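# Chains, contacts and geometry: an overview
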Amino acid sequence: MTIVITAFERSPDGGQGLARDTRVRWALEEVGQPYEVRLVSLQAKMQPGHLSLHPFGLIPTFEEGDLALFETGAIIFHIAEHHAGLFPDDASARARAITWMFAALNTVEPPILELVTVKILEGDKPWAEERLPLVKDRIRDRMAQLSARLGDADWLDGAFSAGDVMMVSVLLRLRPSGLLDEFPELAAYVARGEARAAYKRAFAAQWAINAADPQAG
């Protein structure tokens with residue numbers, strides 16, 4: 001059965017790897033699974049056909065035979081469960097990898113997304129200027145905790161896992177703000193993720209779609 005994922009036909013980030021389909025592409029590349037991509041426009045994502053796959057009108061979605069999934073955490077968990085390469089064989093190590101997936105999505109990503117909201121969606125509000133430093137400080141608190149836990153290790157818990165796929169993908173969203181560079185250990189950790197051959201293939205595939213669009217940027 002061919003795996004089919006969805007992605008924006010023109011990514012809001014211009015193909016810089018921040019769109020969430022990049023996470024799924026990366027996971028599939030890590031486990032050596034071929035896949036096809038169905039491109040979705042900003043208009044089509046709210047049409048019944050796409051909403052039947054993703055009730056909130058977002059990307060990516062994942063289809064394999066009769067199975068249809070949404071939410072990157074659930075998709076990558078499914079990929080890791082069914083293909084070797086993203087979960088350790090040891091049961092305890094596997095449980096810890098899953099814990100890091102949840103930590104990336106539930107603990108680390110929310111304040112990062114709040115920064116995007118206050119800068120882009122709420123930037124014209126009279127209180128935005130006062131709120132921004134508070135949001136950045138909340139992110140710094142999380143980054144300090146994560147950096148202390150990572151220490152000088154290459155990955156979050158021994159060997160590279162699905163937890164690292166998710167955490168690196170989340171931290172990449174900090175790069176445009178400059179906050180990631182304030183934590184050299186985390187910046188190096190992200191760079192190690194980007195240096196993986198599977199990530200490079202995933203990024204190139206996402207970039208190629210947008211590079212082919214002369215209006216993308």
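The paragraphs below set out a description of the structure included in this document. (Residues numbered from 1 in each chain as written. Predicted model: local features only at pLDDT ≥ 70, side-chain atom pairs only at ≥ 80, totals over all residues. Heavy atoms only, no water.)

### Regarding the pattern of salt bridges
Applying the stated criterion to the full structure yields 13 salt bridges. Among the ionic pairs, D157 bridges to R96, the shortest N-O distance being 3.0 Å. In this pair, D157 is assigned in the loop between α5 (128-150) and α6 (162-172) and R96 in helix α4 (residues 91-121), connecting sequence segments 61 residues apart. The closest approach of N and O atoms between E182 and R140, which form a salt bridge, is 2.8 Å. Of this pair, E182 sits in the loop between α6 and α7 (184-195) while R140 is found in helix α5, placing the two residues 42 residues apart along the sequence. (Salt bridge = Lys/Arg side-chain N within 4 Å of Asp/Glu carboxyl O. Helix = DSSP H or I, 4+ residues; strand = E, 2+ residues; numbered from the N terminus.)

### Some thoughts on empty space enclosed by the protein
Taken as a whole, this structure holds two cavities of 30 Å³ or more when the rule is applied. Taken as a whole, the largest cavity holds about 40 Å³ of empty space. P88, A93, A97, W100, L156, D157, A159, S161, G163 and D164 are the residues that line the largest cavity. Within the residue set of the lining of the largest cavity, elements represented by two or more residues are α4 and α6. The leading source of residues in the lining of the largest cavity is α4, at three residues. Counted as a void, the second largest cavity has a volume near 40 Å³. Lining the second largest cavity, in full, are G17, L18, A19, R20, T22, R23, S169 and L172. Among the secondary structure elements, those contributing two or more residues to the lining of the second largest cavity are α1 (21-30) and α6. (1 Å grid on protein atoms, 1.4 Å probe; cavity = no way out; pocket = protein on both sides within 12 Å on 5 of 7 lines; lining within 4 Å. Points joined across faces, edges and corners; volume = space filled by probe spheres on them.)

### Remarks on the environment of G158
By the secondary structure assignment, G158 is in the loop between α5 and α6. G158 gets classed as exposed once you look at its relative accessible area, which sits at 57%. Separated by 44 residues in sequence, G158 and A202 place their C-alpha atoms 23 Å apart. (Buried < 20%, exposed > 50% of the residue type's maximum accessible area, 1.4 Å probe, protein only.)

### With respect to the packing of α1 against helix α3 (residues 72-82)
Where α1 contacts α3, the axes come no closer than 10 Å and their chain directions differ by 5°. As judged from the angle between their axes, α1 and α3 are roughly parallel. Between α1 and α3, the contacting residues are R23, V24, A27 and L28 on the first element and T72, I75, I76 and I79 on the second. When its residues are assigned to classes, the contact of α1 with α3 shows six nonpolar, one polar and one charged. (Axes fitted to C-alpha atoms, helices over the stretch in contact; angles between N-to-C directions. Parallel < 35°, antiparallel > 145°, perpendicular 65-115°, else oblique. Contact = heavy atoms within 4.5 Å. Nonpolar A, V, L, I, M, F, W, Y, C, P; charged D, E, K, R; others polar.)

### Points about the layout of surface pockets
When its volume is computed, the largest pocket comes out at roughly 580 Å³. Lining the largest pocket are 21 residues; nearest its centre among them are L18, R20, L58, I59 and R173.

### Things to note about helix α8 (residues 197-211)
The terminal C-alpha atoms of α8, which comprises 15 residues, lie 20 Å apart, in line with the 21 Å expected from a rise of 1.5 Å per residue. The set of residues buried in α8 consists of A198, Y199, A202, Q206 and N210. Along the axis of α8, the buried positions cluster into a sector of 110°, meaning they face one direction only. Of the surrounding secondary structure, the elements contacted by the buried residues of α8 are α1, α6 and α7. (Expected span 1.5 Å × (residues − 1). Arc of directions from axis to C-beta.)

Such coordinate-based values are descriptive only and should not be taken to indicate function.
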